[in-house]
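# Remarks on the overall topology
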There are 2 protein chains.
Amino acid sequence: MKELLIELDVHAKISLYEQIYEYIRRMIMDGSLSCGERLPSARLLAVQLQVSRSTVDAAYAQLVSEGYLKAKRGSGYFVCDVGALFHFTAGHDREKGDNDFSKQRNAASRVTQNHSLNMIYNFLPGQIDDSGFAYNAWRKCAKEALLDLETSHRLLPAGHPQGEYELRVAIAAYLCQARGVHCEPQQIIIGAGNEYLLQMLAQILGGPRTVAMESPTYLQAYHTFCNIGYEVKAVPMDMEGMQTEKIPDEAMTLVYVMPSHQFPLGTVMPLRRRLQLLTWADAGSQRYIIEDDHDSEFRYKGRPIPALQGIAAQERVIYLGTFSNSIMPSIRISYMVLPQPLLAEYEKRCGFYASTVSRLQQITVCKFMEQGYFERHLNKMRGIYKAKHDLLLSLLKEKQWVHRIYGDHAGLHLAVELNCMYTEAEIIARARSYGLYVQGMSECYLAGSKKPDKRPILLLGFGSLTQEHLREGVKILEKCMIYK
Amino acid sequence: MKELLIELDVHAKISLYEQIYEYIRRMIMDGSLSCGERLPSARLLAVQLQVSRSTVDAAYAQLVSEGYLKAKRGSGYFVCDVGALFHFTAGHDREKGDNDFSKQRNAASRVTQNHSLNMIYNFLPGQIDDSGFAYNAWRKCAKEALLDLETSHRLLPAGHPQGEYELRVAIAAYLCQARGVHCEPQQIIIGAGNEYLLQMLAQILGGPRTVAMESPTYLQAYHTFCNIGYEVKAVPMDMEGMQTEKIPDEAMTLVYVMPSHQFPLGTVMPLRRRLQLLTWADAGSQRYIIEDDHDSEFRYKGRPIPALQGIAAQERVIYLGTFSNSIMPSIRISYMVLPQPLLAEYEKRCGFYASTVSRLQQITVCKFMEQGYFERHLNKMRGIYKAKHDLLLSLLKEKQWVHRIYGDHAGLHLAVELNCMYTEAEIIARARSYGLYVQGMSECYLAGSKKPDKRPILLLGFGSLTQEHLREGVKILEKCMIYK
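Residues numbered from 1 in each chain as written. Chains lettered and ligands numbered in written order. Predicted model: local features only at pLDDT ≥ 70, side-chain atom pairs only at ≥ 80, totals over all residues. Heavy atoms only, no water.

## Examining the overall build of chain A
Regarding its fold elements, chain A presents 15 helices and 17 strands. A compact globule built from 484 residues would reach a C-alpha radius of gyration of about 23 Å, and chain A, at 24 Å, matches this within 12%. With the C-alpha coordinates of chain A rotated into their principal frame, the extents come out at 70 × 65 × 40 Å. Across the 484 residues in chain A, those meeting the buried criterion constitute 63%. Partitioning the contacts of chain A with sequence separation of at least 6, the portion at a separation of at least 24 is 72%. About 18200 Å² of surface is accessible on chain A, with carbon and sulfur atoms providing 52% of the total. Here chain A holds 55 positive side-chain charges and 52 negative ones, and the gap between their average locations is 2 Å. (Helix = DSSP H or I, 4+ residues; strand = E, 2+ residues; numbered from the N terminus. Rg over C-alpha atoms; globule rule 2.2 N^0.38 Å. Buried < 20%, exposed > 50% of the residue type's maximum accessible area, 1.4 Å probe, protein only. Contact = heavy atoms within 4.5 Å. Areas by Shrake-Rupley, 256 points an atom, 1.4 Å probe, with all protein chains shown as cover. Lys, Arg positive; Asp, Glu negative; His and termini not counted. Charge placed at Lys NZ, Arg CZ, Asp CG, Glu CD.)

Structural data, given as structure tokens:
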């Protein structure tokens with residue numbers, strides 16, 4: 001067993017666990033550690049390096065999950081055969097965010113260029129900025145929540161199946177004020193992520209249904225519908241969002257839309273179109289609209305666009321929101337506002353499910369909202385994201401290879417239609433060979449519906465990138481477009 | 001608006017929020033607050049009483065959820081018409097535990113006796129003791145987890161879809177040592193509760209299936225299967241658990257069992273029967289056994305019984321475990337060990353789902369396990385529960401009205417078969433009229449399968465009760481059995 005002489009730099013920009021990870025990865029790649037060799041135990045290495053056990057664990061875990069090491073129970077960690085391995089580094093957590101990670105990883109592993117394949121520039125959509133987060137306020141709220149729950153003997157027992165009442169009150173107030181959503185706390189169900197709530201919703205609605213979706217769309221929702229046995233029909237989009245008159249009539253009772261800021265196109269559905277959609281819903285007693293309002297917190301120009309739910313037909317709209325973008329992806333708290341008529345069905349079919357979110361997390365978020373931190377955090381992040389958005393937009397604006405930009409002035413990514421000699425897949429592969437990861441629009445279309453335009457469209461997420469990385473990233477993209 | 005002159009006693013046994021709750025409830029019940037009257041805002045009352053806002057919120061929330069108050073957005077809290085209301089008090093959270101709460105509430109509200117209807121003695125199964133919890137250790141682990149995640153930049157981004165690798169390592173080690181389960185961390189999926197994992201499992205297995213269940217059984221699982229479109233067949237039980245030879249053959253590919261400690265009967269399946277079950281599973285390429293090992297941590301006599309998963313056919317058993325009983329119900333962390341052949345299906349169909357448990361909670365539990373607190377906590381709780389179990393058993397042993405006791409020496413409840421002139425429903429109603437809540441065995445049978453014996457069987461949960469309450473509770477039960 002080789003001793004690992006890792007010199008850690010506590011002042012470095014990258015964390016200790018990444019430093020350990022990177023050191024070992026390099027030793028494996030340059031042959032200093034060879035296949036089958038055994039590594040020191042995490043406990044021992046932690047003592048040697050004077051870091052916490054979990055720091056070493058995290059580094060080892062990442063090396064295992066990327067195929068550099070193999071853990072054998074009871075005997076420790078061993079170096080894998082990396083001869084044919086695709087080298088995928090760092091930003092692992094971040095990349096996963098809300099994306100179809102395994103798909104991306106598969107796509108990435110198909111890239112066999114000779115360049116360094118480390119992800120240096122993460123332009124994947126769904127990434128958030130973690131430098132601006134209100135860590136102190138969060139820590140304070142978490143501490144208070146823990147003490148409160150202890151004092152009131154609410155820490156251990158399961159809470160209300162729909163989620164803590166206090167948090168539902170806070171969410172209802174926020175939705176009313178910020179999104180124009182009208183609801184009582186009794187209509188809110190808090191759950192561990194949108195996909196979980198969609199699965200529950202299917203049980204509330206009962207029986208398999210046919211659902212109309214925008215195409216391109218948010219694929220997580222699409223795959224969830226497929227998994228629970230729903231038939232999904234793609235409805236074409238224009239610059240005003242889903243073309244409501246093209247919703248196929250046959251047996252369609254459900255529409256899933258993102259009217260305030262469509263993913264991935266960034267389209268905003270105008271009022272006329274919204275009313276058409278509500279008219280469609282009113283025409284059948286079992287028709288419902290699922291409004292996914294995933295990132296409407298971040299709008300950089302003009303007034304916020306109120307939710308469809310608030311317009312009129314509150315009995316036809318199921319509103320879905322999440323704290324993934326507005327607080328943090330790791331928190332797994334989403335919420336669903338059920339129309340009154342569905343509440344009895346919820347109670348009957350799903351009322352027995354315990355809440356899927358821990359009470360402690362719920363009360364922490366509740367305090368974060370009640371004490372005004374949430375609003376301040378959103379205001380701050382809006383400023384941070386706006387600066388990044390404006391910079392990226394200005395960097396792209398006069399480029400010959402940029403044909404058109406969609407979805408600007410909101411959200412955490414831009415959709416950029418290209419003028420260039422490569423296909424979308426080629427551009428993505430070329431960019432990856434420079435360490436720049438980006439998603440293509442084609443990936444967001446439902447099976448059976450294809451991107452109509454032949455021009456490549458890239459989704460450029462700017463959430464987690466620094467100004468410097470944004471500048472360098474655009475230079476790399478230019479290189480990918482122009483040179484052979 | 002009436003001023004509420006609540007005198008709080010900070011030294012009282014019941015928490016501040018319960019005191020406020022109880023004070024207002026009494027005022028409503030005795031007419032001091034009448035229907036339609038408006039209450040002071042939570043903010044104002046918190047200032048008046050010099051307590052935190054969330055304490056008042058919690059009291060109001062409970063009053064709303066129990067139908068004493070109605071919240072009107074923007075205008076505050078108003079007293080409801082309680083003329084015909086069933087009065088259901090305190091222990092609200094606790095009662096919910098893992099039970100079918102709304103059902104119990106409905107059952108409770110059918111009771112129309114003239115006694116006080118407050119729940120004083122909570123004998124419902126699934127209740128835990130919160131006085132023995134390692135609050136200090138938990139607080140320490142939560143604090144460390146928060147700092148660790150911040151330092152390593154892992155607090156905000158979403159983690160691994162299967163759950164944090166460190167926690168999966170800790171769970172695998174625990175399962176191997178304590179339950180004889182053989183698995184790699186790569187086979188573990190961490191999720192927000194057993195019901196969520198069963199829903200995911202259905203998606204991994206693909207297509208609707210027919211599942212065989214013990215009857216009586218854990219109804220949450222039964223209702224979950226029904227909700228996702230599975231056909232459920234009841235298999236009769238004897239003193240050795242599910243009668244494997246009676247598993248109907250037609251198209252049956254799934255069996256859900258609790259071999260180590262069946263709920264609610266407490267049966268332990270002997271090895272011979274276990275091997276029969278594994279033989280059944282081996283006879284079809286698509287056959288799987290779901291082993292729910294929900295509370296095997298608490299066994300008070302003899303050696304722990306190893307899990308079915310560890311015996312031999314690890315490719316046929318899907319193992320389910322939870323921290324609900326062993327740590328706390330509010331935490332919502334369960335785990336599922338998939339056999340190797342199902343891992344590829346998981347990756348394909350469900351790999352895109354983000355983890356449903358927050359990273360912070362996962363790392364807190366991980367530290368709780370790694371630093372030895374979990375083991376110490378289990379040992380301590382086993383002692384606490386054993387003392388309660390032994391006391392309850394001794395109190396029941398010589399009673400004429402006790403015909404037989406099932407499921408002793410393990411778990412958090414006893415199943416008590418009665419010798420008395422009342423039906424099960426009558427006994428339960430009589431007990432409730434004295435403030436004693438208890439569940440009947442009949443409720444645990446699947447639709448279409450009935451309790452064979454005509455003698456009433458009560459499930460007496462002892463987890464959350466003090467010795468004094470256990471003694472008083474048994475006296476009350478005796479009163480219910482004997483006197484008219």
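Now that the structure has been shown, the text picks up again.
## So, the side chain of Asn325 of chain A
Residue and element names in this part refer to chain A. Mapped onto the secondary structure, Asn325 falls in the loop between strand S11 (317-322) and strand S12 (334-337). Residue classification places Asn325 among the buried positions, given a relative accessible area of 10%. Among the polar contacts listed, one links the side chain of Asn325 to the backbone oxygen of His294, at a separation of 3.2 Å. (Polar contact = N/O pair within 3.5 Å; in protein donor to acceptor, adjacent residues only side chain to side chain.)

## As for the sheet that holds strand S10 (residues 288-292) of chain A
Residue and element names in this part refer to chain A. Across the sheet, seven strands lie side by side as S4-S12-S11-S10-S9-S5-S6; this open sheet has mixed pairing. In this open sheet, the two edge strands, each paired with only one partner strand, are strand S4 (188-191) and strand S6 (231-235). Direction aside, the axes of adjacent strands within the sheet are offset by 20° on average. Here S10 pairs with S11 via four bridges, running parallel. Looking at S11, one finds that Asp292 is bridged to Leu320. Along the sheet face, helix H9 (residues 219-227) touches strand S5 (210-214), S6, strand S9 (252-257) and S10 and points at about 165° away from the line of S5. (Pairing = 2+ DSSP bridges. Axes fitted to C-alpha atoms, helices over the stretch in contact; angles between N-to-C directions.)

## Quick word on the sheet that holds strand S14 (residues 413-418) of chain B
Residues and elements named next belong to chain B. Taken in spatial order, the four strands make up an open sheet running S13-S14-S17-S16, and their pairing is antiparallel. What marks the edges here is a single partner per strand, and that holds for strand S13 (402-406) and strand S16 (439-440). Direction of pairing for S14 relative to strand S17 (residues 457-461): antiparallel, over a ladder of five bridges. Bridge pairing in S17 places Ala415 opposite Leu459. In the packing of helix H13 (residues 373-397) onto the sheet, the strands contacted are S13, S14 and S17, and the crossing angle to S14 comes to about 10°.

## Remarks on the packing of aromatic side chains
Residue and element names in this part refer to chain A. Within this structure, the stated rule accounts for 29 aromatic pairs over all chains. Pairing Trp138 with Phe368 gives two aromatic rings, centres 5.2 Å apart and planes at 75°, and the pair type is edge-to-face. With Trp138 in helix H6 (residues 135-151) and Phe368 in helix H12 (residues 359-370), this pair connects stretches of sequence that are 230 residues apart. Classification of Trp138 as buried rests on a relative accessible area of 1%. (Phe/Tyr/Trp six-rings, centres within 6.5 Å; stacked < 30°, edge-to-face > 60°.)

So far we have only geometry, and geometry alone does not tell us how the molecule works.
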